[in-house]
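# Architecture at a glance
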Amino acid sequence: MTPPAVETNPDAERIQALFNRIAPVYDRLNDWLSVGQHRIWKLMTVKWSQASSGDTCLDLCCGSGDLAQLLGERVGKTGQVFGVDFSCAQLEIARQRCDREASRNENRLYPPQTIHWIEADALHLPFADNFFDAATMGYGLRNVTDIPRSLQELHRVLKPGATAAILDFHRPSNPTLHAVQQWILQTIVVPVATANGLQDEYAYILPSLEKFPQGPEQIRLAQQAGFAQATHYPISGGIMGVLVVTKPQS
């Protein structure tokens, strides 16, 4: 593998700094934002990735590492997982979480060394072509500075026939659900963020949802990136969604 590269444009640097700042409360705010449902959604995402025992898997934009750990449990002792993020603060929390849970569980399904935490840019991944058997991405596609380029990189590093599952918040088309989502953001998430001194950092969520491509557009972008199959599954009335993409066999 080549050394990891991190994008240096101003937008990327701003987002990187944002995620470094929110790292200490990231998990707690995900609980508030999803009303605790994100754990179920992440289990679904790992299942849709089709990762299996012995696989080498990628968790792109891994954040605090919970999806990577779910992948680790799925691939078992003979597999390995690479958790990649460009936030060094998030990666440090991921390492601490993995070590802490490993020390509490003497009968764990996988040793902690099978998860490799790597600081790198989703637009310039430090892996060879056709490297991974499966991949996940949680809450990352909405935050990259170039969605088509990110999908192209994901396509490049997956093996032929491999599947990736991409989980993210969405803007629901149903007006009532859209209003509920805005209410949660404004009356729960923002006050919690404000109490932690992070009001400005979480102000980005609503604008990011407004500009994030909806399911049909995500499918089109995935197909343009080279994926043979692309399906978008709305969850919870369209508040969430999982884009499942498969690389052609040849």
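Residues numbered from 1 in each chain as written. Predicted model: local features only at pLDDT ≥ 70, side-chain atom pairs only at ≥ 80, totals over all residues. Heavy atoms only, no water.

### A short note on the pattern of salt bridges
Put simply, the rule reads: Basic side-chain nitrogens of Lys or Arg form a salt bridge, by our definition, when they fall within 4 Å of a carboxyl oxygen of Asp or Glu. Each helix is a run of H or I in the DSSP string that is no shorter than four residues. Each strand is a run of E no shorter than two, and both are numbered from the N terminus. Throughout, exposure labels follow a simple rule: accessible area from a 1.4 Å probe, protein chains only, divided by the maximum for the residue type, with under 20% read as buried, over 50% as exposed, and the rest as partly exposed.
Under the criterion given, the structure shown has eight salt bridges. Across the salt bridge formed by Asp168 and Arg142, the nearest N and O atoms sit 2.8 Å from each other. Taken together, the positions of Asp168 in strand β5 (residues 158–169) and Arg142 in the loop between β4 (132–138) and α6 (147–157) put the pair 26 residues apart, joining distant regions of the chain. Its relative accessible area of 1% is what places Asp168 among the buried residues. Of the residues examined, Arg142 reaches a relative accessible area of 7% and is grouped as buried. A salt bridge links Arg156 to Glu153, with the nearest nitrogen and oxygen atoms 2.7 Å apart. Taken together, the residues span about one helical turn, with Arg156 and Glu153 both in helix α6 at a distance of three residues.

### Let's talk about the sheet that holds strand β3 (residues 115–119)
So the rule is basically this: DSSP-based pairing: two strands are paired if at least 2 bridges between them are found. Axis lines are fitted to C-alpha atoms, over the contacting stretch for helices. Their N-to-C directions set the angle, which ranges from 0 to 180 degrees. We call two residues contacting when some pair of their heavy atoms lies within 4.5 Å.
The strand order β3-β2-β1-β4-β5-β7-β6 describes an open sheet built from seven strands, whose pairing is mixed. One side of each edge strand has no neighbouring strand; the edge strands of this open sheet are β3 and β6 (229–235). The mean inter-strand angle of the sheet, taken between neighbouring strand axes irrespective of direction, is 15°. Each of β1 (56–60), β4 and β5 is contacted by α6, which is oriented at about 145° to β5, the strand it contacts most.

### Considering unusual backbone geometry
Positioned with a positive phi, Asn130 is a non-glycine residue whose angle comes to about 55°. With respect to the secondary-structure elements, Asn130 resides in the loop between β3 and β4. Under the relative-accessibility criterion, Asn130 is labelled partly exposed at 38%. If you check the backbone angles, Ser236 has positive phi at about 55° while not being a glycine.

### Topic: the packing of helix α3 (residues 38–48) against helix α4 (residues 66–75)
Filter applied, for reference: Any angle between 65 and 115 degrees counts as roughly perpendicular, while under 35 counts as roughly parallel, over 145 as roughly antiparallel, and the rest as oblique. Helix crossings fall into two classes, left-handed where the near helix is turned counterclockwise from the far one by less than a right angle and right-handed where it is turned clockwise. Amino acids outside the nonpolar list (Ala, Val, Leu, Ile, Met, Phe, Trp, Tyr, Cys, Pro) and the charged list (Asp, Glu, Lys, Arg) are all regarded as polar, and Gly is one of them.
Relative orientation of the contacting elements α3 and α4 amounts to 45°, with a least axis distance of 10 Å. Classified by the angle their axes make, α3 and α4 are oblique. α3 and α4 meet at a crossing whose hand is right-handed. Listed contacts from α4 to His38, Lys42, Leu43, Val46 and Lys47 of α3 are Asp66, Leu67, Leu70, Leu71 and Arg74. Within the contact of α3 with α4, the residues separate by chemical class into five nonpolar, one polar and four charged.

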